[in-house]
Every structure is written in structure tokens, then in C-alpha cells.
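Analysis of the macromolecular model
As a plain string of letters, each chain reads:
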Amino acid sequence: MIRFFRPLCALALLTSITLVLVGGCATAERPVQVRVGQTADIPSTLCNGYFFVEANFEGHDFTLILDTGAEQTVLDTVSAFQAFPNRVTPTLLQAVSADGTRTTIDGTVRVRNVRLGPVDTGQVNALVLNLQPISDVLGTRIDGLIGWDVLKHLAVEMDYAGARVRVGPTGSLPISGGQKLSSGPLPVVSVDMPDGTRRFSIDTGSSGSFEMPTLDRVPLIDLPRVTGVARSITGDTTTIGGRMDGTIRFAGTTYRYPLLETSQGQARIGAGAFKTGTLYLDGPASTIAFRSRLGETFVQRGERRLPIRINREVPWTIAGGLDQSWLPRLGLEVGDEITAINGVDVEVFGCKSIAEIAGGANEVTLTLLSNGSVREVRAPLIEMTPPAP
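Attention in this report is confined to the structure presented alongside it. (Residues numbered from 1 in each chain as written. Predicted model: local features only at pLDDT ≥ 70, side-chain atom pairs only at ≥ 80, totals over all residues. Heavy atoms only, no water.)

With respect to the packing of aromatic side chains
Applying the stated rule across the entire model yields 11 aromatic pairs. With 6.0 Å between their ring centres and 85° between their planes, F210 and F250 make a pair best called edge-to-face. One end of the pair, F210, is in strand 18 (residues 210-212); the other, F250, is in strand 21 (residues 247-250), with 40 residues separating them in the sequence. With relative accessibility at 0%, the residue F210 sits in the buried group. Three or more aromatic residues link up through ring pairs in this structure, and these residues are F51, Y160, F200, F210, F250, Y255, F274, F290 and F298. The ring of W326 is capped by R329, whose NZ or CZ atom sits 4.0 Å from the centre of that ring. (Phe/Tyr/Trp six-rings, centres within 6.5 Å; stacked < 30°, edge-to-face > 60°. Helix = DSSP H or I, 4+ residues; strand = E, 2+ residues; numbered from the N terminus. Buried < 20%, exposed > 50% of the residue type's maximum accessible area, 1.4 Å probe, protein only. Lys NZ or Arg CZ within 6 Å of the ring centre and 35° of its normal.)

Okay, here's the thing in C-alpha cells:
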């Protein structure tokens, strides 16, 4: 999620960078009505919890992430200048990350025609921003982010369990028993919790589940609360709180003992909450529904990962364990380089998570390079949250 703020004009969010406008305004144009009378699948890939879709900007093919937590569509700086070298308008926007780092917004560009598969979304005014740090974290190149400014004019079906995206005009999706979204720059839904009703934004640009600024008033199972960290696509870390002792209900689905995390900014529901089923969003009708393959009421499973920490500066190099016991228990050392997992070179995995690589297995074989020698070790995948009672 990236958040945009500015005086005298309304803007808002994209992927865990906070954008502070120093001056100037960049407004999004309302896309024309969809010119397709029925729904259609669009080329897409589900990788590491994010939907990558193929879109055409005035004849230029781009790969973008579907990000409902982005108020405005964004193009990467390199991609924008290559496609529209004389049309990027400079701006005085700045991006401020969660750790205070500032990044300059390189401009805006008005694209006269954007197509998602066979669907024509009309004219879009996109922000131009260096997204290379996001590509580095994901392990694959992206050209931009499709924001809510485009998606709110469509009916969108995101099938996380089946790795498929379908779009169409309002009323074209099989949404029954759904819930109303609040009108505004982002999709916001009311969520029933044990201590009352809270408002969450729907943010498919975040890989978390239910993220809240604080968990102080929420009863959690199995203290201590901190059981690990999750990383956003911008590289910011989020502390995992654990399971809530109770239920959360929204969009026709009840989560028993749901996974809660602490986040910076407002409460949001990320893509991790939808990985067992299909999310339906009808922007013009302001309707949301979620259908899990586990039924209307279920217990979430936590993320499975290796009990080790990877050095962010040196990819696939071990920086430590989740606690002090893990490295000696597995026979690993800080500085060991992982060269293959289950016999497959790590360079071919791109943005796939370890759990995706392992499939349904509970452990993987790591091939390690250390001081010029190669060895193999078996390492378990552990769930990052305490089990439900």
C-alpha cells in the first residue's frame, strides 16, 4: 500500500510508502465505461500472494500488480519514459517510507487508452515512480500498479485459489450475499469483531491478512504476541501478532481465530485473507463478497516458512534464525548461501515463496555453499502463528 497526501487535493494510497505532496496536484481521470458486455479472463499470474496482470497502455504491453490499496495507478519510471518519452509531466510529489526515507515522484503521465485483456478502461492519469525496490523484493520485474482509480469502475473477480482474474461491467459477476463497500477513494468495508465494528480497507497490494495499527485491545491466543515478521512488497516489516481469540465476519464469511498483524497506518485486509477462495469486488455497485473453498466459516492457516532469516543485502544468504536455537539445530551458519531448494536452482524461483516451492511438503532440502564447499540439509517449514485451540 502506498499512501498519497497533499493539501487542497484528494489523493491517497498505493503499497506501504507514504507519499507527501510538497506541491502541485495530479488528478486521476475517470475511465470511460467498460466496452465489453460480459466478463472475461485477463492474462494473469499469482506469485507470492500478488496478482500480476498483463495490461496494454496505448499499444505498450506492461506487467502490473492489481493493488486495490492504491488510490491511483502507478507506472515505473523506466517503463513510463520508454513508452511515453515526451509526455511525462514533472511534479513536486515526494514519497516518504515507513522508516522516513524520502523518494521523489518523477511525474505524471496521461494515458489515453488502457486495456485489461479485452476490456477497455479508457483514459488514466498515472503517477510515475521508481518501482525498482519493489521489483527487487519480489524477485521479478514489474512495470507498475493498477490502482483503485481503474478497478472501481469494473467488476473484478480475483480467484486466489484458482490463480485467475476475471473482469467485466458492473453486475456481471456472481455476487450474492455480499456486503456494501463505503464510497470513497478506496474500498472500505465494516468488519464485525468481538469488541465492536471496525472499518478496514481492502488492500490486495499487501500480502498480510487482517492488519491493525495496534492490537492492545484485541485478545490473542498464546502469548507472547510476537511470533515473526511479514514483509510488504516495499520491504517494510510488519509484526505478526498471532491468532485472535474470537471471530471476524465480513463479506459473507466468518474467520474463527483469525490471524492478526500490526501495521503502520490504517486497518486493512490484505491478500492473505483471501488465499483460500475468491474475492469479488463490484466498484460501481459498491459491493464486496468473498467465497472460501473451506466454507462460510473456517480457521485460517498461517504462513509457512523456513525458520531462518535471509540477508536482504545478499540474496539467499543466511543472516540468522528465528531464534538462537534454529541454526545449530539445523547445522546452518550465518553466511551460508542457499543455491538450490529441492534440487532446483534458486535463481529460477523468481517471486515464489518457499511454501509455494515446497507444495504440500512440511520440509525442504537446502543446497548450501559455504567456504567453497557444498552440502545439503533438511529444513522444516513452520507455521508463523500459534495453532487455533
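Past the structure itself, the notes keep going.
Description of the pattern of salt bridges
Following the criterion strictly, the structure yields 12 salt bridges and no others. For R293, the salt bridge is made with D159, and the minimal N-O distance between the two is 3.8 Å. Separated by 134 residues along the polypeptide, R293 in the loop between strand 26 (287-292) and strand 27 (297-299) and D159 in strand 13 (residues 155-159) bring together distant segments of the chain. Here R293 falls in the exposed class, since its relative accessible area comes to 59%. The exposure class of D159 is buried, given its relative accessible area of 7%. D336 is the partner of R375 in a salt bridge, and the nearest nitrogen-oxygen pair spans 2.6 Å. Note that R375 is positioned in strand 34 (residues 373-380) and D336 in the loop between helix 4 (326-330) and strand 31 (337-341), a separation of 39 residues in sequence. The exposure class assigned to D336 is buried, which follows from its relative accessible area of 1%. Within this structure, D41, E157, R164 and R166 form a network of salt bridges that share partners. (Salt bridge = Lys/Arg side-chain N within 4 Å of Asp/Glu carboxyl O.)

So far we have only geometry, and geometry alone does not tell us how the molecule works.
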